[in-house]
Amino acid sequence: GKADSTHTFIRTADIKFKVKDVKQSTFDIEDLVAKHNGYITYTNLSSNISSQNKVQVNEDSCKERTYYNVDNSLTMRIPNTELDAVLRGLAPFMDFLDHRTIKADDIKYTLLSNQLAEKRYKNYKQRYTTAIDTKGKKLKETVNAEDNLALNEQIADNKTIEGLELMDQVNYSTVTLYIYQPQTIKEAIVANEKSI
């Protein structure tokens, strides 16, 4: 949509859908994400056997039938400006959409609060440093003042880091995908194990 200078959004999406082939869809989704300057932070492609059975076809052979499900969980980071294009780009892979949840959390006041706190702690540090340098005569008082100053510097650093983390979440949206395919059957001829 249009650029909005009054709001700062952290956008996330959570999507679950069925595909024809999980492995191929995973590769295609990875290509789509790379095309839009995003990156994959997590993927867990797995096959889970739901059942197996054997049917004897002759004296020394059996046909083994394995029923299994293939699924993948992916987490990706997409530039905020490319999120809508990536979400629309996922549509051709969907055989059945279970759910699609998109959130936009406005954090402008959280960012402002962090900036003000960081400024307040920096001003405090400056005044406190001056007071230590000019009035700190006794060692015990100076040590306590230095400890207090170090604690406030740590708080200011934490506020700076929080602000950077929030801006990273604003600039790169997080998308969580869960894809799966219909149950698959694999058949193979195996040796018939004779019971003793």
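Remember, predicted model here, so these are calculated numbers, not experimental data. (Residues numbered from 1 in each chain as written. Predicted model: local features only at pLDDT ≥ 70, side-chain atom pairs only at ≥ 80, totals over all residues. Heavy atoms only, no water.)

Asker: Where do I start with the nonpolar core in this structure?
Answerer: What tends to happen in soluble globular proteins is that the nonpolar side chains get buried as a cluster. Within the largest apolar cluster, 20 residues are counted, with the highest numbers of intra-cluster contacts made by Phe17, Ile29, Met76, Leu90 and Leu177. Contributions of two or more residues to this core are made by strand 1 (9-18), helix 1 (22-35), strand 3 (61-79), helix 2 (83-89) and strand 5 (172-180). Counting residues in hydrophobic clusters, the runner-up holds five residues, among them Ile10, Ile107, Leu166 and Val170. (Core = buried A, V, L, I, M, F, W, Y, C linked by side-chain atoms within 4.5 Å. Buried < 20%, exposed > 50% of the residue type's maximum accessible area, 1.4 Å probe, protein only. Helix = DSSP H or I, 4+ residues; strand = E, 2+ residues; numbered from the N terminus.)

Asker: Got a minute to help me understand the environment of Ile29 in this structure?
Answerer: Relative to the helices and strands, Ile29 resides in helix 1. In this structure the C-alpha to C-alpha distance between Ile29 and Phe93, which are 64 residues apart in sequence, comes to 8.6 Å. If sequence neighbours within four positions are ignored, Ile29 has contacts with Phe17, Met76, Leu90, Phe93, Leu177 and Ile179. (Contact = heavy atoms within 4.5 Å.)

Asker: I tried to follow a nonpolar patch on the surface on my own but got confused; where do I start?
Answerer: There is a patch of nonpolar side chains on the surface, built from Tyr109, Leu112 and Leu116 and spanning about 330 Å² of accessible area. Among the secondary structure elements, Leu116 is positioned in helix 3 (residues 108-135). Judged by its relative accessible area of 45%, Leu116 is partly exposed. (Patch = residues over 30% accessible without salt bridge, like charges linked within 9 Å, V, L, I, M, F, W, Y side chains within 5 Å. Areas by Shrake-Rupley, 256 points an atom, 1.4 Å probe, with all protein chains shown as cover. Salt bridge = Lys/Arg side-chain N within 4 Å of Asp/Glu carboxyl O.)

Asker: For this particular structure, what's the right way to read the pairing of strand 5?
Answerer: Within a regular strand, the side chains alternate between the two sheet faces. In this structure, strand 1 lies alongside strand 5, joined through seven bridges in parallel fashion. Considered in strand 5, the bridge of Ile15 is made with Leu177. Alignment of strand 3 against strand 5, held across nine bridges, turns out to be antiparallel. Looking at strand 5, one finds that Met76 is bridged to Val175. (Pairing = 2+ DSSP bridges.)

Asker: I keep staring at the environment of Val57 and nothing clicks. Help me out?
Answerer: Looking at the element boundaries, Val57 is found in strand 2 (residues 39-58). The partly exposed category is assigned to Val57, whose relative accessible area is 47%. If we ignore the near neighbours within four places in the chain, the residues touching Val57 are Cys62 and Lys63.

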